[in-house]
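A look at the structure
So the chains spell out like this:
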Amino acid sequence: MGDGTIATPAPHPPRKIHRLRIGVNVLVQVGLILFLAAIVNYLGFEHYRRWDLSRDKKYELSDKSKRFLDSIKGKLRITVFFGGGNPIAQDVQNLLTQYQYASKGKIDVENIDPERNLSRAKEVFDKYKVVSDESLLVLDYEGRNKTVKASEMAEIDPGNAMLGEQPKIAAFKGEQAITSAMIDLVEGKKNTLGYVLGHKEPPIADATPRMSPMMAPEAGARSPISVLKTFIENENIKMHELNLFEVPAIPEEIKTIMIVGPQYDFSDREMRMLRDFWDKQGRILVLLDPTAKTPKLTAFLAELGVKMNDDRLMANVKTGIQEVARVRDVIGRFIGDSAITKRLADVRAPFFGGTSSIAVAPQDPNRPSNIKIQPLAQAEKGYWGETEYNSTDDALLQFTPGRDHDSPLNIAVAVEKGGSDDERVQANSSRMVVVSNSTFVQDNALTQDQQGLDFISGSVNWLLSREQLIGIASKVPTTLTFSLDENAMRNLRWVILLLMPLVPAAVGVAVWWQRRA
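The following paragraphs examine the structure supplied in this document.

Let's shift gears to the overall build of the protein. For the protein, the count of helices and strands is eleven helices and 22 strands. Relative to its full complement of 517 residues, the protein shows a buried share of 39%. In the protein, once contacts between residues fewer than 6 apart in sequence are set aside, the share between residues at least 24 apart is 71%. For the protein, the accessible surface area stands at approximately 30700 Å², while carbon and sulfur atoms represent 56% of it.

The next thing to look at is empty space enclosed by the protein. Under the definition given, this model contains two cavities of 30 Å³ or more. Here the second largest cavity is characterised by a volume of approximately 30 Å³. A breakdown of the residues in the lining of the second largest cavity according to their chemical character gives four nonpolar, one polar and two charged.

A word on the packing of helix 2 (residues 63-71) against helix 3 (residues 89-103). Viewed as axis vectors pointing N to C, helix 2 and helix 3 meet at an angle of 50°, and their least axial separation amounts to 9 Å. With respect to their mutual orientation, helix 2 and helix 3 come out oblique. Where helix 2 crosses over helix 3, the handedness of that crossing is right-handed. In contact with S65, K66, L69 and D70 of helix 2, helix 3 contributes Y99, A102 and S103.

Between its first and last C-alpha atoms helix 3 spans 21 Å; for 15 residues at 1.5 Å apiece the expected length is 21 Å, and the two agree. Every buried residue belonging to helix 3 is among A89, D91, V92, L95, L96, Q98, Y99, A102 and S103, and all of these are buried. In the stretch just after helix 3, K104 is the one whose phi turns positive, near 55°.

As a further point, take the packing of helix 3 against helix 6 (residues 174-187). Where helix 3 meets helix 6, the axes come as close as 11 Å, and the angle between the chain directions of the two elements is 45°. Taken together, the axes of helix 3 and helix 6 lie oblique to each other. The way helix 3 lies across helix 6 gives a crossing that is right-handed. Between helix 3 and helix 6, the residues in contact are L95, L96 and Y99 and G174, E175, I178, T179 and M182, respectively. In terms of residue class, the contact of helix 3 with helix 6 is built from five nonpolar, two polar and one charged.

Moving on, we come to the layout of surface pockets. Its boundaries defined by the atoms lining it, the second largest pocket holds a volume of some 730 Å³. Lining the second largest pocket are 30 residues; nearest its centre among them are Q176, A177, T230, F231 and N234. Mapped onto the lining of the second largest pocket, the elements with two or more residues apiece are helix 2, strand 4 (144-149), helix 6 and helix 7 (226-233). The element that contributes the greatest number of residues to the lining of the second largest pocket is helix 6, accounting for eight residues. Partitioned by chemical class, the residues of the lining of the second largest pocket number nine nonpolar, ten polar and eleven charged.

Quick look at the sheet that holds strand 4 now. Strand order across the open sheet formed by four strands is 2-1-3-4, with mixed pairing between neighbours. Edge positions in the sheet fall to strand 2 (107-112) and strand 4, since each has one partner strand and no second. Strand-to-strand twist of the sheet, defined as the mean angle between neighbouring strand axes without regard to direction, takes the value 20°. As judged from the six bridges shared by strand 1 (residues 76-81) and strand 3 (residues 136-141), these two strands associate in the antiparallel manner. Bridge pairing in strand 3 places V80 opposite L137. Helix 3 rests against strand 1, strand 2 and strand 3 of the sheet, and its axis sits at about 155° to strand 2.

On to the packing of aromatic side chains, then. Scanning the model with the defined rule gives five aromatic pairs in all. What links up through ring pairs into an aromatic cluster is the set F334, F351, F440 and F455. Over the face of the ring belonging to Y389 we find R312, whose NZ or CZ atom lies 4.0 Å from the ring centre.

Moving on, we come to the sheet that holds strand 14 (residues 312-318). On the basis of which strands lie adjacent, the open sheet formed by three strands has the order 15-14-20 and antiparallel pairing. The open sheet has two edge strands, strand 15 (324-327) and strand 20 (384-386), and neither has a second partner. Between one strand axis and the next, the sheet turns through 40° on average, direction left out of account. In this sheet, strand 15 lies alongside strand 14 in antiparallel orientation, the contact comprising four bridges. Its bridge partner being in strand 15, K318 is matched across the sheet by V324.

Here the focus is helix 7. The complete set of buried residues in helix 7 reads S226, L228, F231 and I232. Tucked inside the fold, the buried residues of helix 7 contact strand 10 (237-243), strand 11 (256-260) and helix 10 (451-463).

So, about the side chain of K64. If you trace the backbone, K64 turns up in helix 2. Leave out the neighbours within four places in its chain, and K64 touches E235, S457, N461, L469, I470, G471, I472 and A473.

What counts and how
Residues numbered from 1 in each chain as written. Predicted model: local features only at pLDDT ≥ 70, side-chain atom pairs only at ≥ 80, totals over all residues. Heavy atoms only, no water. Helix = DSSP H or I, 4+ residues; strand = E, 2+ residues; numbered from the N terminus. Buried < 20%, exposed > 50% of the residue type's maximum accessible area, 1.4 Å probe, protein only. Contact = heavy atoms within 4.5 Å. Areas by Shrake-Rupley, 256 points an atom, 1.4 Å probe, with all protein chains shown as cover. 1 Å grid on protein atoms, 1.4 Å probe; cavity = no way out; pocket = protein on both sides within 12 Å on 5 of 7 lines; lining within 4 Å. Points joined across faces, edges and corners; volume = space filled by probe spheres on them. Nonpolar A, V, L, I, M, F, W, Y, C, P; charged D, E, K, R; others polar. Axes fitted to C-alpha atoms, helices over the stretch in contact; angles between N-to-C directions. Parallel < 35°, antiparallel > 145°, perpendicular 65-115°, else oblique. Left-handed = near helix turned anticlockwise from the far one by under 90°. Expected span 1.5 Å × (residues − 1). Pairing = 2+ DSSP bridges. Phe/Tyr/Trp six-rings, centres within 6.5 Å; stacked < 30°, edge-to-face > 60°. Lys NZ or Arg CZ within 6 Å of the ring centre and 35° of its normal.

Right, here's the structure in full:
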């Protein structure tokens, strides 16, 4: 130390490597990774979710289809015969995946390409007695089978072959076709709904074809309720024309009848048949046209406690700063207290045309005590029941307390005689649904969403005691269209002619300026 030398510290002894500790840490880390991978895979297989991000949700199953799949007890097998060149093959595959996911193991799917696996295709074709060159599905349930052809699942626009246009899918309606076939298989025999005719009701059959002046056949006029008819028949229900003048009694196989907008009243004999049908636990759906005079029919409803008021629902709507228009088309709101409207609670629907209010009479000693009346739909706030609806005097067409009817204004009610308040108990009963509007289900009124169709579907299924099928059905396929007014067209023209060329020009100038600098 004294001679100026610096002492060098003794080196530290080398650290001991804990190989056992490192090995244990590596094993724990590997175990944790494997455990997390197993948990993720388990959750993915057992609790995974699917989302349909397509514009029109064409792969997402409707509430009605999901409820029906929940009610299936047995196993359903679907055999797919689709070649790779079919334009809807991929759509069908995606849809069937949704069915498998929603059925929770109740549906098995087998894909057979008839062009590549001829032996298997011939074996299945012979088994199900299939004679068709068209792509199709074969559904098998407990020994019963049904085919669904590709043409039933899509509307194809053939295009203009002269211009070299290829066929394209105009509307995909695979869910409607597949769910309808499933209901047919599971239920077996079709339910029969008697559609009453003879009082100038809308026909359910299209008019017969006629010859044009050029001696070429032309299709007759379509039924004004063709969409409603298709909608109902897709649920394993057969609509049968029923003229009460031509039968001694309502046939035994008809458990439910439908009366839509009669323009003339029923005769005494017809009313006796209706009363007998009702007393024998019959089921009736009545859509009334308030402009028609049907005193005997409305008197029958009044006996049950359903009084059709002699009024028209109206509302004043602001159309400008100081402008007010009077509207007679009604926006109705469904009440979710009934099995019919539980899944339509607080949903709004348009009721076009004249609509009157329905009064639910208080309990009468002359009326059976086991009759239960339940409102299904009411007019939105702001409407009133105008009793001077035929007047042309604007001063009279205003709400007058004591003369006109104020909210709540019922426009649809359900009536049940007998039965049970507990939905889990199936008891025999007479059932009826009454609506004070008959035009909201016609084709020309179905320009908006299909809440009205869902309501009628729920009503029919409730009348048929098929509560498990009450739900929101898949949407009726529509073509997406855009309409541009003159201002929009002008703006679009400037975007195409000016803005679109300016964007790349501005980018080019910016790049040139940067390189120059």
